[in-house]
Amino acid sequence: MSEGTMQRRAQRDPADQRAKRLTRVLVCAAAVPVMLIAAGCSSDSGSDDGKDKGAGASASTSASPSPTVQAAAYKKLPEACGVLSKKTLEDLAPEAKAGKEGSSDDLSTRASCSWSSLDNNGVKGSQFRWLNVSLLRFDSDTTRGPGDKLAKEYYAKQVRDAQSAEGAKGTKVEPLSGTGDEATTVRYDLKKKEGTFKQQTVVVRVENAVVTLDYNGAGLAGDKAPDADDLLKDAQKAAKEAVASVTKANSAGEADSSPSASGSGKPSGKASGKASPSASKPSAAKG
């Protein structure tokens, strides 16, 4: 091979090598977008899968049923000062001029009314009577439970409270049939400086409402004490009447009726105009 030929090949070889390297670079460069596209498709596919799974989980959660509880039977309470008839009030508290309505934030769930009666016979003594009706209604709650269950718990508490009255003597507790769903009477004597008070408490549960009726009497200024059995009969009769008023207030067609139609009149912010002994209210009687 001549020297000229060898020189020409030496000049061509670097050029051929550069051409081959350029070809490889172009091939690699062309391959990069393909890989990026493939990677992008793979990433998009994974993202869609995540969204689908998240949507499925959300749909599953929203489809879960919410906790439910049986609705309470009673939705309202009657006017507390109208639960007893005029005749009953005349028998139990003859000298009371009007009922005194208790304070309440919501009269549809809590209400009370009291009557104070003092028959003053001067030197011959006096007869005192105090009557109070408390009404409490419980709504059903998904956390606390059905209304009637809550009322049952409160009913038991009211009975316990009546039994534990401070200073009570000769306490007697008896079940009462024929009134509401369950009823209990609590009786005891309470001695005060004015005289001995004969306390009668009747606690009744009807559906999701609790009625607590307190009735006490005393002979003052030397007058004899009233008969406890007679007071108890009157208290039981009045309690049954109050329960009937609660039931009637929740009966169909009674939504617009006024409990005051019973004849007891509208509640007054004042009790009887005559003075009443401060010991009239039993310490355990709470509405």
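Rules behind the numbers
Residues numbered from 1 in each chain as written. Predicted model: local features only at pLDDT ≥ 70, side-chain atom pairs only at ≥ 80, totals over all residues. Heavy atoms only, no water. Helix = DSSP H or I, 4+ residues; strand = E, 2+ residues; numbered from the N terminus. Buried < 20%, exposed > 50% of the residue type's maximum accessible area, 1.4 Å probe, protein only. Contact = heavy atoms within 4.5 Å. Areas by Shrake-Rupley, 256 points an atom, 1.4 Å probe, with all protein chains shown as cover. Lys, Arg positive; Asp, Glu negative; His and termini not counted. Salt bridge = Lys/Arg side-chain N within 4 Å of Asp/Glu carboxyl O. Polar contact = N/O pair within 3.5 Å; in protein donor to acceptor, adjacent residues only side chain to side chain. Pairing = 2+ DSSP bridges. Axes fitted to C-alpha atoms, helices over the stretch in contact; angles between N-to-C directions.

Draft legend 1. Up close: the overall build of the chain. Scanning the chain from N- to C-terminus turns up 4 helices and 7 strands. Traced from its N-terminal end to its C-terminal end, the chain shows the element sequence α-α-β-β-β-α-β-β-β-β-α. Within the chain, buried positions represent 37% of all 287 residues. Taking all contacts inside the chain whose residues are at least 6 apart in sequence as the whole, residues at least 24 apart take part in 65%. Accessible surface for the chain amounts to roughly 16500 Å². Of this, 52% is attributable to carbon and sulfur atoms.

Draft legend 2. Structural detail: the side chain of Arg-129. Checked against the element boundaries, Arg-129 lands in strand 3 (residues 126-137). Salt bridges are absent for the buried Arg-129, whose nearest opposite-charge side chain, Asp-234, sits at 6.7 Å. Within the local environment of Arg-129, its side chain forms a polar contact with the side chain of Gln-127, the two groups lying 2.8 Å apart.

Draft legend 3. Just the pattern of salt bridges, in detail. Applying the stated criterion across every chain, the model contains 9 salt bridges. Note that Arg-137 is salt-bridged to Asp-139, the shortest N-O span being 2.5 Å. Accessibility expressed as a relative area gives 6% for Arg-137, which makes it buried. Arg-205 serves as the salt-bridge partner of Asp-181, at 3.8 Å between the closest nitrogen and oxygen. With a gap of 24 residues between them, Asp-181 in the loop between strand 4 (168-175) and strand 5 (182-192) and Arg-205 in strand 6 (residues 195-206) connect regions that are remote in the sequence. A relative accessible area of 11% means that Arg-205 is categorised as buried. Because the salt bridges share partners, they merge into one network encompassing Lys-152, Asp-181, Glu-182 and Arg-205.

Draft legend 4. Local environment of the side chain of Arg-205. For Arg-205, the side chain forms a polar contact with the side chain of Glu-182, separated by 2.6 Å. Side-chain polar atoms of Arg-205 contact the backbone oxygen of Glu-207, separated by 2.8 Å. Those residues in contact with Arg-205 that sit more than four places away from it in its chain are Asp-148, Ala-151, Lys-152, Tyr-155, Gly-180, Asp-181, Glu-182 and Val-210.

Draft legend 5. Here's a closer look at the sheet that holds strand 1 (residues 100-101). Read across the open sheet, the 7 strands follow the order 1-2-3-7-6-5-4; overall the sheet is antiparallel. Of all the strands in the sheet, just strand 1 and strand 4 have a single pairing partner and so form its edges. Pairing between strand 1 and strand 2 (residues 110-120): 2 bridges, direction antiparallel. Note on strand 2: the bridge partner recorded for Glu-101 is Cys-113. Of the strands in this sheet, strand 3, strand 5, strand 6 and strand 7 (209-220) touch helix 4 (residues 228-249), which is tilted by about 30 degrees from strand 6.

Function-wise, these values are silent; they only describe arrangement.
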